[in-house]
Amino acid sequence: MKLVFTPNPKYVHKVLVVAHEAGVLDKIEFVRSVPFDADTKIWEYNPLGKVPCLILNSGEALFGGLVICEYLDSLSKTGRSVFPKGAARWKALRQAMLGEGMFDATTNMRVEGWRPAAERHADYMLRERRKVINALDAMNREASQFEKARFHIGHACMAGALSYLELRNPIQEHDMEPGDKTFDWRKGRSRLARWYDKVLQRPSLQYRYAHPGDTRG
Ligand SMILES: N[C@@H](CCC(=O)N[C@@H](CS)C(=O)NCC(=O)O)C(=O)O
């Protein structure tokens, strides 16, 4: 199977994390695609034009990062799933969506910021900014529970979103509210920062597929 995605050595990619946890990395051929590049091939695979996208050996495409994660998890050779069963599943999926939502809001703020300053929709950017801040605060409130649970998809998604925010930091870049110029998500969120630093040590979160010259994503 082929994974069409935008690798970045500084970004914790949830799909790679799950592939590593499932022991199926060796079954994947990596295809680099930056969806915003004019010559991107992503439209050939995903009608929604988004990465990541997984092309199965049958030729069928799966898209939506969480769907791809669940598929890879279903192939697990390690006998261990990162999608908990029973009541724990809903907490894990809620945390996964918190991470996904934060990632999406970070991207939206960043992409809107690509317009010339006079053409930017400031209200929209502030709304996305608010989602990022709220998600960080919600994660920080729950962070002391994270270590008590076995590593799951929620953790992978939240760590991915935090690493993306660290990599791009559109809040600092656009400086829309007092204090944004020096915005650091760790400030005032020490529980979350402690958990993040610890979870980053996990081999699956250390794994990166780096393609020479990757800067966007
Ligand atoms: N949470 C989504 C995120 C996907 C996503 O937004 N990817 C961005 C990466 S830059 C993308 O492909 N954007 C292209 C677009 O929105 O048209 C997932 O995991 O599928």
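Everything discussed here concerns the structure shown above.
These figures come from a predicted structure and were not determined experimentally.

**Here's the deal with the overall build of the chain**
From N to C terminus, the chain includes nine helices and four strands. Seen through its principal axes, the chain has C-alpha atoms that stretch 50 × 45 × 30 Å. By residue count, 36% of the 217 residues in the chain fall in the buried class.

**Some words on the environment of A149**
Topologically, A149 is positioned in the loop between α5 (122-146) and α6 (153-168). Since 14 C-beta atoms lie within 10 Å of it, A149 is described here as partly exposed. Taking the C-alpha atoms as reference points, A149 and R194, separated by 45 residues in sequence, lie 15 Å from one another.

**Examining the sheet that holds strand β1 (residues 2-5)**
Hydrogen bonding along the main chain pairs the strands of a sheet, whether they run parallel or antiparallel. Judged by pairing direction, the sheet is mixed, and its four strands sit side by side in the order β2-β1-β3-β4 without closing on themselves. The sheet terminates laterally at β2 (29-32) and β4 (61-63), the two strands that pair on one side only. Across this sheet, the average inter-strand angle for adjacent strands is 20 degrees, counted without regard to direction. Across three bridges, the pairing between β1 and strand β3 (residues 53-55) is antiparallel. By the bridge assignment for β3, L3 is matched with L54. Against the sheet, helix α3 (residues 65-74) makes contact with β3 and β4, and its axis sits at roughly 120 degrees relative to β4, the strand it touches most.

**What to know about the site of the ligand**
Of all residues adjacent to the ligand, which total 11 residues, the nearest are P35, K50, V51, G65 and E100. The element best represented in the shell around the ligand is helix α4 (residues 87-112), accounting for four residues. Considering only residue class, the shell around the ligand consists of three nonpolar, five polar and three charged.

**So, the pairing of β1**
Judged from the four bridges that link them, β1 and β2 form a sheet pairing that is parallel. Along β2, the bridge assignment pairs K2 with E29.

Analysis parameters
Residues numbered from 1 in each chain as written. Predicted model: local features only at pLDDT ≥ 70, side-chain atom pairs only at ≥ 80, totals over all residues. Helix = DSSP H or I, 4+ residues; strand = E, 2+ residues; numbered from the N terminus. Buried ≥ 20, exposed ≤ 12 C-beta atoms within 10 Å, placed from the backbone. Pairing = 2+ DSSP bridges. Axes fitted to C-alpha atoms, helices over the stretch in contact; angles between N-to-C directions. Contact = placed C-beta atoms within 7 Å. Near = placed C-beta within 6 Å. Nonpolar A, V, L, I, M, F, W, Y, C, P; charged D, E, K, R; others polar.

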